[in-house]
Amino acid sequence: QGDVLIMAVLLLEPRPQIAHLSVPEAKMILTDLRPRVAILTHFGATLWQARPWEVAVRLSEETGIRVIAARDGMEYRLEQETHML
């Protein structure tokens, strides 16, 4: 349990032969843990094609949790976020 959850989400859809997190699995984790904010990172090709920033918006709408798609050079200030929420 915590305010911020950072998840490496490689896959758009589950692939049992690949031991990496997919978007539906990430959604289940978000729903169970209910962090204040989640940052998705480590995108694979299928997730890039789906535009991770759009996937993050969809997950935010579906879960009620602020979801952010990480980007190169991104900085995140925990102290600012927790005061804003």
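Residues numbered from 1 in each chain as written. Predicted model: local features only at pLDDT ≥ 70, side-chain atom pairs only at ≥ 80, totals over all residues. Heavy atoms only, no water.

A separate point is unusual backbone geometry. Trans peptide bonds make up the majority, and among non-glycine residues the majority have a negative phi. If you check the backbone angles, R34 has positive phi at about 50° while not being a glycine. Structurally, R34 can be placed in the loop between α1 (23-33) and β3 (37-41). Given a relative accessible area of 46%, R34 falls into the partly exposed group. In this structure, H42 takes a positive phi of about 65° despite not being glycine. Among the secondary structure elements, H42 is positioned in the loop between β3 and α2 (45-49). (Helix = DSSP H or I, 4+ residues; strand = E, 2+ residues; numbered from the N terminus. Buried < 20%, exposed > 50% of the residue type's maximum accessible area, 1.4 Å probe, protein only.)

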